Amino acid sequence: MDFSTTMEIFVSNYTLIDNEIYELWVEGVSAIEAVCQLKGKALLQQGSNVEMLQSEIEDHYRTYSLLERLLHNPAKIKDHQLEFQIEPQIMSMLIQRYYKFDDAVYRDILGKKLSTRNRKDLDDLSERTGINILSCRRQFDNAKRVFKVVEEMPGLVVKNIIDNFALDKELAKSYATVVFLGSLRFDCTKRKLQYLSFQDLSHCAHAIMANWTCKEQGPEQDDTEFDREFLLDLKDLRVMLDKDREHKHLVCAKVKPQMLEKVFQDVENNFKTYTRAILGISCGLHRSREMRTLFIDMVEKCLEPWYAAHWSRADLSIFLAAYTHSALEMDALREAELRQSWERCMNVLSACLTCLHKDKKEKK
């Protein structure tokens, strides 16, 4: 009797990815901690035990550690397809998850140099937020890596990030916020700004990038470089200080039907103070120091007086819309270049001021 057995053997180096284990690895959870978190689920499977689970998790962690050097440079992944055979959609998922971030971590690093010294401070951040220290370091290193690659690169920063790191557009926009505010040294660290979230400052950053940079200047477009000619032209808006009575009359006519009487009275009584604050910020933006302190200036010179007068965000939106459009009806802005400067300036200030305005509950 012939007891010989015919066997077919297929050898493959196809890389297996477990979404749940990968997520734990990205979050900085150790292999031992991952076993503790997953053993309840694993033991429900017939024939599973803790030793088998630990061996599987450690095997996955080794694979992900080998993959990590490629995740540092996603643009080169195609050159290593024979080393790691992974479907394109799976690789895309790995990249997006590796570069995801916690708002609390990136809010903390905005306005700071991505230096070794600040990396050492991540222990304190981890304690405050409850985010794993390894995850904090991964996020910090990712931000620094993206920053170094695209900071001096010409062109549009979101596109450069997508091209070099294969991130989806929304994630690339968030990294663009870090690059833009960091490279131009915006001050985001003052105590009075701590109530603002990463998303608040990201909204403001992209408004500035869309309106005040060289974004539309043909082959030399660069939305991390300010349009210096435009910023210098803003000094000409001082003409509005001499026309504040006419401006006030037009604004008050527009806002009176839409505001509570006490808020309208505040607009009427303090219009000159408010317009000096807005124009004072606008006319100084050609100076680098004034641009760097833009956010704190908006809070201290504009928002704090409006808070004291009990303006709601709706009141602020009504006022800023009337303030912007009324000026365009005046002869003082009849020149096309001056009108364009006014609109570009107020588009950003209106977007930022409305975003930065928070009621007491939101601030908490």
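With an unreviewed UniProt entry as reference, the protein chain is termed Acidic fibroblast growth factor intracellular-binding protein, source organism Cloeon dipterum.

Colleague: Which parts of the structure should I look at to understand the overall build of the protein chain?
Modeller: What the protein chain contains, in helices and strands, is 19 helices and two strands. Per-residue burial for the protein chain yields a buried fraction of 47% across its 364 residues. A separation threshold of at least 6 residues defines the contact pool for the protein chain, and within that pool the share at least 24 residues apart is 72%. As displayed, the protein chain has an accessible area near 19900 Å², and 49% of this comes from carbon and sulfur atoms.

Colleague: So what exactly am I meant to see when it comes to the layout of surface pockets here?
Modeller: A water-sized probe, rolled over the atoms, reveals where empty space remains. In this structure, the largest pocket spans a volume of roughly 430 Å³. At the level of elements, helix H8 (133-150) and helix H10 (169-183) are the ones that each hand at least two residues to the lining of the largest pocket. A class-by-class count of the residues in the lining of the largest pocket yields seven nonpolar, four polar and six charged. Space inside the second largest pocket adds up to approximately 310 Å³. Every residue lining the second largest pocket is counted, 16 residues in all, and those nearest its centre are Asp-108, Lys-112, Leu-125, Arg-128 and Gln-194. Elements with a minimum of two residues in the lining of the second largest pocket: helix H5 (103-109) and helix H7 (122-129).

Colleague: Sorry if this is basic, but what is going on with the packing of helix H13 (residues 244-255) against helix H14 (residues 261-283) here?
Modeller: Running from amino to carboxyl end, H13 crosses H14 at an angle of 145°, the nearest separation of the two axes being 10 Å. As for how H13 packs across H14, the hand of that crossing is right-handed. Residue-level inspection shows Asp-244, His-247, Lys-248, Val-251, Cys-252 and Val-255 of H13 in contact with H14, the latter providing Phe-264, Val-267, Glu-268, Phe-271, Lys-272 and Thr-275. Taken together, the residues of the contact of H13 with H14 break down into six nonpolar, two polar and four charged.

Colleague: I would appreciate a short explanation of helix H3 (residues 50-71) in the present structure.
Modeller: An α-helical turn contains 3.6 residues, so any two residues separated by three or four positions project in the same direction. Compared with an ideal rise of 1.5 Å per residue, which puts 22 residues at 32 Å, H3 spans 30 Å between its outermost C-alpha atoms and is within 8% of the ideal. Taken together, the buried positions of H3 are Leu-53, Ile-57, His-60, Tyr-61, Thr-63, Tyr-64, Leu-67, Leu-70 and Leu-71.

Colleague: Quick question: what am I supposed to make of the nonpolar core here?
Modeller: Taken as a class, soluble globular proteins show a tendency for nonpolar side chains to be buried jointly. Core analysis: the biggest nonpolar cluster contains 122 residues, and Phe-186, Leu-294, Phe-295 and Phe-319 have the highest contact counts within it. In this view, Phe-186 contacts Gly-111, Phe-180, Leu-181, Ile-208, Phe-226, Met-291, Arg-292, Leu-294 and Phe-295; residues no more than four positions away in its chain are not counted.

Colleague: Sorry, what's going on with the pattern of salt bridges here?
Modeller: Working definition: two side chains of opposite charge can pair if their charged atoms are close together. One pass over the structure, following the stated rule, counts 16 salt bridges. Glu-27 is the salt-bridge partner of Lys-100, the closest N and O atoms lying 3.9 Å from each other. Of this pair, Lys-100 sits in the loop between helix H4 (88-98) and H5 while Glu-27 sits in the loop between helix H1 (19-26) and helix H2 (31-42), and the two are 73 residues apart along the sequence. On the basis of relative accessibility, which here comes to 28%, the residue Lys-100 falls in the partly exposed class. The partner of Asp-227 in a salt bridge is Arg-344, with the nearest N and O atoms 3.4 Å apart. Linking Asp-227 in the loop between strand S2 (222-226) and helix H12 (228-233) with Arg-344 in helix H18 (residues 336-356), this pair joins segments that are 117 residues apart in sequence.

Colleague: Sorry, what's going on with the packing of aromatic side chains here?
Modeller: Aromatic rings considered in pairs are described by the distance between their centres and by the relative angle of their planes. One pass over the full model with this rule turns up 26 aromatic pairs. When the ring of Tyr-274 is compared with that of Trp-306, the centres are 5.7 Å apart and the planes differ by 70°; the resulting orientation is edge-to-face. Of this pair, Tyr-274 sits in helix H14 while Trp-306 sits in helix H16 (residues 294-308), and the two are 32 residues apart along the sequence. Geometrically, the ring pair formed by Tyr-323 and Trp-342 is tilted, given 5.7 Å between the ring centres and 35° between the ring planes.

Colleague: Would you explain the side chain of Asn-142 in this entry?
Modeller: You can see Asn-142 is positioned in helix H8. When its relative accessible area of 0% is taken as the criterion, Asn-142 is described as buried. At a separation of 2.6 Å, a polar atom in the side chain of Asn-142 contacts the side chain of Arg-145. Excluding residues that lie within four positions of it along the chain, Asn-142 makes contacts with Tyr-98, Tyr-99, Tyr-106 and Tyr-175.

So, how was this worked out
- Residues numbered from 1 in each chain as written.
- Predicted model: local features only at pLDDT ≥ 70, side-chain atom pairs only at ≥ 80, totals over all residues.
- Heavy atoms only, no water.
- Helix = DSSP H or I, 4+ residues; strand = E, 2+ residues; numbered from the N terminus.
- Buried < 20%, exposed > 50% of the residue type's maximum accessible area, 1.4 Å probe, protein only.
- Contact = heavy atoms within 4.5 Å.
- Areas by Shrake-Rupley, 256 points an atom, 1.4 Å probe, with all protein chains shown as cover.
- 1 Å grid on protein atoms, 1.4 Å probe; cavity = no way out; pocket = protein on both sides within 12 Å on 5 of 7 lines; lining within 4 Å.
- Points joined across faces, edges and corners; volume = space filled by probe spheres on them.
- Nonpolar A, V, L, I, M, F, W, Y, C, P; charged D, E, K, R; others polar.
- Axes fitted to C-alpha atoms, helices over the stretch in contact; angles between N-to-C directions.
- Left-handed = near helix turned anticlockwise from the far one by under 90°.
- Expected span 1.5 Å × (residues − 1).
- Core = buried A, V, L, I, M, F, W, Y, C linked by side-chain atoms within 4.5 Å.
- Salt bridge = Lys/Arg side-chain N within 4 Å of Asp/Glu carboxyl O.
- Phe/Tyr/Trp six-rings, centres within 6.5 Å; stacked < 30°, edge-to-face > 60°.
- Polar contact = N/O pair within 3.5 Å; in protein donor to acceptor, adjacent residues only side chain to side chain.

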